[in-house]
Amino acid sequence: MVIGMDNLILENEQKKELSERELLEEILSENKMRTLYSKVTAISAVGILAVVVACMFILLPRFNDFINNADEAITAAKITLAEAENAAAGLGKMSQDVIRTSGNVDTFVQENSSVLADTMEDISSIDYEKLNKAIEDLEAAVSPFANFMNRFK
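These numbers come from a predicted model, not from an experiment.

Asker: When you look at the overall build of the protein in this model, what are you seeing that I'm missing?
Answerer: Secondary structure assignment for the protein yields two helices and zero strands. Per-residue burial over the protein gives 0% buried out of 153 residues. Accessible surface, the protein: about 14,200 Å² in total, of which carbon and sulfur atoms supply 66%.

Asker: Before we go on, may I ask you to explain the pattern of salt bridges in this structure?
Answerer: Side chains that carry opposite charge are capable of pairing whenever their charged atoms lie near each other. In the structure shown here, the tally under the stated rule is three salt bridges. A salt bridge links D97 to K93; the shortest N-O distance between them is 3.6 Å. Of this pair, D97 and K93 both sit in helix α1 (residues 2–124), four residues apart, roughly one helical turn. Judged by its relative accessible area of 53%, K93 is exposed.

Asker: Where do I start with a nonpolar patch on the surface in this structure?
Answerer: On the surface, a nonpolar cluster with roughly 590 Å² of combined accessible area is contributed by M120, I123, I126, Y128, L131 and I135. Elements supplying a minimum of two residues to the nonpolar patch: α1 and α2 (128–150). Top element by residues in the nonpolar patch is α2. It accounts for three residues. Looking at where I126 falls in the secondary structure, it is placed in the loop between α1 and α2. For I126, a relative accessible area of 38% gives the class partly exposed.

Asker: Teacher, can you tell me more about α2 here?
Answerer: The end-to-end C-alpha distance of α2 is 31 Å, a good match for the 33 Å that 23 residues give at a rise of 1.5 Å each. A maximum bend of about 35° is found in α2 at V142, where proline P144 lies one to four positions downstream.

What counts, and where the lines are drawn
- Residues numbered from 1 in each chain as written.
- Predicted model: local features only at pLDDT ≥ 70, side-chain atom pairs only at ≥ 80, totals over all residues.
- Heavy atoms only, no water.
- Helix = DSSP H or I, 4+ residues; strand = E, 2+ residues; numbered from the N terminus.
- Buried < 20%, exposed > 50% of the residue type's maximum accessible area, 1.4 Å probe, protein only.
- Areas by Shrake-Rupley, 256 points an atom, 1.4 Å probe, with all protein chains shown as cover.
- Salt bridge = Lys/Arg side-chain N within 4 Å of Asp/Glu carboxyl O.
- Patch = residues over 30% accessible without salt bridge, like charges linked within 9 Å, V, L, I, M, F, W, Y side chains within 5 Å.
- Expected span 1.5 Å × (residues − 1).
- Bend = angle between axes of the 7 residues up to and from the residue.

Here it is in structure tokens:
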């Protein structure tokens, strides 16, 4: 039985050796895979970095142009705003002048309203029949003199 035990122990030790060897081979295989994945990851990172750098070289000049255009637009807007403020001040002065002028016109109308009323009253009090009669009488008186003067022409 001792010999059988020795054989059994010897077999177990061989199995352990095989197991350890298999285990080491598996670890080696995993390390090779990890190394491969690490290389792929490193190459991918370098590729992504290259793409980002290329995009920066492409986009930065455009972004710079965009910033410059925005700056010019802001400057133009400031100038336009200043001109609008000047125009608003001019409109304020003009509205004050219009108010002053309308006050002057109102004062003129008030001062001359009595004169205008009197003139209208005088015009309405004209007797047109008597005026026509006076014109006819004047024509009758002047026409012989006009005839006399026409003979000397």
